[in-house]
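# Descriptive structure summary
These are the residues of each chain, in order.
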Amino acid sequence: MDLIFKRYLPITSLIISCSALVFQLTVLFPWHHELDAEFKRLKHVKEQKDLKLEEYEKFKLEKI
């Protein structure tokens, strides 16, 4: 029993690590790019809102 465990442990470890690498490359890596693009879009929207708010405040101060 002990010999079988020692013999198949490296093979099992290799299979698990290769499976994890394939999962990272096929699922997590593309998802990372998708999230990055969404964060950039949200940042752009926030900058536009801040700019509009600043313009509104200037207009309000000029009106007063």
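Here the structure is shown first, and the text comes after it.
Quick caveat: nothing in here was measured; it's all calculated off a predicted structure.

### Digging into the overall build of the chain
Secondary structure summary: the chain contains one helix and zero strands in total. On C-alpha atoms alone, the chain measures out to a radius of gyration of 27 Å, which is more than a quarter above the 11 Å that the 2.2 N^0.38 rule sets for 64 residues. The dimensions of the chain, computed from C-alpha atoms along their principal axes, are 90 × 20 × 10 Å. Residues counted as buried form 0% of the 64 residues belonging to the chain. Surface exposure of the chain reaches about 6,600 Å², of which carbon and sulfur atoms provide 69%.

### Points about helix α1 (residues 2–63)
Spanning 62 residues, α1 covers 86 Å between terminal C-alpha atoms, matching the ideal 92 Å at 1.5 Å per step. Maximal helix bending in α1 amounts to about 35 degrees, located at Q24.

### Quick word on the pattern of salt bridges
Under the defined criterion, the tally for this structure stands at four salt bridges. Between E38 and R41 there is a salt bridge whose closest N-O contact spans 2.6 Å. With E38 and R41 both in helix α1 and three residues apart, the pair spans about one turn of that helix. On the accessibility criterion, E38 (35% relative accessible area) is partly exposed. A salt bridge links K46 to D50, with the nearest nitrogen and oxygen atoms 3.0 Å apart. On the criterion of helical spacing, the pair formed by K46 and D50 is a turn pair, its members being four residues apart in helix α1.

### Here's the deal with a nonpolar patch on the surface
Residues F23, V27, L28, W31, L35, F39 and L42 make up a contiguous nonpolar surface patch of about 670 Å² in total accessible area. Counting through the fold element by element, F23 comes out in helix α1.

### Quick look at the environment of T26
With respect to the helices and strands, the residue T26 is situated in helix α1. Using a relative accessible area of 53% as the deciding quantity, one classes T26 as exposed. A distance of 2.7 Å separates a polar side-chain atom of T26 from the backbone oxygen of V22.

Thresholds, definitions, all that
- Residues numbered from 1 in each chain as written.
- Predicted model: local features only at pLDDT ≥ 70, side-chain atom pairs only at ≥ 80, totals over all residues.
- Heavy atoms only, no water.
- Helix = DSSP H or I, 4+ residues; strand = E, 2+ residues; numbered from the N terminus.
- Rg over C-alpha atoms; globule rule 2.2 N^0.38 Å.
- Buried < 20%, exposed > 50% of the residue type's maximum accessible area, 1.4 Å probe, protein only.
- Areas by Shrake-Rupley, 256 points an atom, 1.4 Å probe, with all protein chains shown as cover.
- Expected span 1.5 Å × (residues − 1).
- Bend = angle between axes of the 7 residues up to and from the residue.
- Salt bridge = Lys/Arg side-chain N within 4 Å of Asp/Glu carboxyl O.
- Patch = residues over 30% accessible without salt bridge, like charges linked within 9 Å, V, L, I, M, F, W, Y side chains within 5 Å.
- Polar contact = N/O pair within 3.5 Å; in protein donor to acceptor, adjacent residues only side chain to side chain.

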